[in-house]
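# Structure at a glance
Next come the chains, spelled out residue by residue.
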Amino acid sequence: MGGNVFTWKNLAAALLFMFLYIGLAVVVTLNFRPLYYYDMEHLHIPETSGYSEEMIRENYDILIDYNSMFYQGELQFNGLAMSESGRIHFQEVKDIFTGFQKMFLADLVICAILFLYFMKRKSWGFLKLSGIITIVIPLVIGGLIAMNWEWCFVTFHHIAFDNDYWIFDYTTDPVINILPDTFFMHCAIMILAIVLFCAVVSFVAGSVLQQKRNNKTIG
């Protein structure tokens, strides 16, 4: 019939697909500029920061372009000062995002090969298992965010960075005025939503394909 889903091959593939979903979620959210454009109005960023909508949008676009793995060069805001510690922090952020982008591309190639491997064998247990494993992530992290976003935000920075350069002084790094914490919370929610969506699709697809295989076997 369906066979044992919890084999080492299925588990290894499931973990790789889980990382693929996470990488996809991070890359999509990083490049989904409409989220910030919406928050710019929703959070009244021009009013609270004192900068024009055009200036805010331009500098946000500069920051996103800078975080691309294909961008080479220094970060240069237009009309916004930047301290040396701020410059170092943004370089560290770029390194993290670049790592995610490279991980996603490498994992995409590996997962494509694995998908073809399992497809030839009509074995879909790895998809169900990846859905089960992956769905735990948004549920746990989403629960923590719902209980205490500020704690999650601070804890993440303590884990990701070995310095306190992420604690910006608006007098030396005014860019922080256009990057409110609430926007980052919305980014986290979008990442978790994409991961959850991928997990559900993976589990459903694996279940349906496995059932079709079982029906053919019975027939």
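These remarks concern the structure in this document.

### A short note on the pattern of salt bridges
Any two side chains of opposite charge can pair, on the condition that their charged atoms come close. Enumeration over the complete set of coordinates arrives at four salt bridges. A salt bridge links Arg 57 to Glu 53, with the shortest nitrogen-to-oxygen separation between them at 3.7 Å. Highlighted residues: Arg 57 and Glu 53, both in helix α4 (residues 53-66), separated by four residues, approximately one helical turn. The class for Arg 57 is partly exposed, based on a relative accessible area of 30%.

### So, the packing of helix α6 (residues 125-147) against helix α7 (residues 149-160)
Here α6 crosses α7 at 120 degrees, and the two axes come no closer than 5 Å. Facing α6, whose interface residues are Leu 144, Ile 145 and Met 147, α7 presents Trp 149, Trp 151 and Cys 152.

### Points about the environment of Leu 16
Among the structural elements, Leu 16 can be located in helix α1 (residues 8-31). In this structure Leu 16 comes out as partly exposed when scored by relative accessible area, which is 29%. The spatial distance from the C-alpha of Leu 16 to the C-alpha of Leu 114 is 9.4 Å, given a sequence separation of 98 residues. Ignoring sequence-local partners within four residues, the contact set of Leu 16 consists of Asp 107, Ile 110, Cys 111 and Leu 114.

### Let's talk about the nonpolar core
Of all hydrophobic cores here, the largest spans 40 residues; its most connected members are Tyr 36, Phe 77, Phe 90, Val 175 and Ile 178. Sorting the residues of this core by element identifies α1, α2 (33-42), α4, α5 (84-120), α6 and α8 (181-218) as the ones contributing at least two each. The dominant element in this core, judged by the number of residues it contributes, is α1, at ten residues. The contacts of Tyr 36, once residues within four sequence positions are left out, are Ile 45, Ile 56, Tyr 60, Ile 178, Leu 179 and Phe 183. Ranked by size, the runner-up nonpolar core spans nine residues in total, among them Phe 153, Trp 166, Ala 188 and Leu 192.

### Concerning the packing of aromatic side chains
Tallied over the full model, the rule gives 16 aromatic pairs. Relative to Phe 184, the ring of Phe 153 has its centre 5.9 Å away and its plane inclined at 40 degrees; by these criteria the two rings are tilted. Pair noted here: Phe 153 is in helix α7 and Phe 184 is in helix α8, with a separation of 31 residues, a long-range link. By relative accessible area, which is 13% here, Phe 153 ends up buried. Three or more aromatic residues link up through ring pairs in this structure, and these residues are Phe 17, Tyr 21, Phe 115, Tyr 117, Phe 118, Trp 124 and Phe 126. Here the guanidinium or amino end of Lys 94 rests over the ring plane of Tyr 66, the centre of that ring lying 5.1 Å away.

Parameters and conventions
Residue indices follow the written sequence of each chain, beginning from 1 at its first position. Local features in this predicted model are restricted to residues of pLDDT 70 or higher, and side-chain atom pairs are both shown and tallied only at a pLDDT of 80 or more, whereas totals for entire chains, interfaces and linings draw on every residue. Side-chain numbers here rest on the full set of heavy atoms in the structure, without hydrogens or water. In what follows, salt bridge is the name for a side-chain nitrogen of Lys or Arg lying within 4 Å of a carboxyl oxygen of Asp or Glu. Helix numbering and strand numbering both begin at the N terminus, where a helix is a DSSP run of H or I of at least 4 residues and a strand a DSSP run of E of at least 2. Note on classification: 1.4 Å probe, protein chains only; a residue is buried when its accessible area is under 20% of the maximum for its type, exposed when over 50%, partly exposed between these limits. With axes taken as lines fitted to C-alpha atoms, and helix axes fitted only over the stretch in contact, angles between N-to-C directions fall between 0 and 180 degrees. Any two residues whose heavy atoms approach within 4.5 Å at even a single point are treated as in contact. The term nonpolar core refers to a set of buried residues drawn from Ala, Val, Leu, Ile, Met, Phe, Trp, Tyr and Cys, joined through side-chain atoms within 4.5 Å. Here a Phe, Tyr or Trp ring, Trp counted by its six-membered ring, pairs with any other such ring whose centre lies within 6.5 Å, and the pair is stacked when the planes are under 30 degrees apart, edge-to-face when over 60, and tilted otherwise. Throughout this description, the term charge over a ring refers to an Arg CZ or Lys NZ atom that lies within 6 Å of the ring centre and within 35 degrees of the ring normal.

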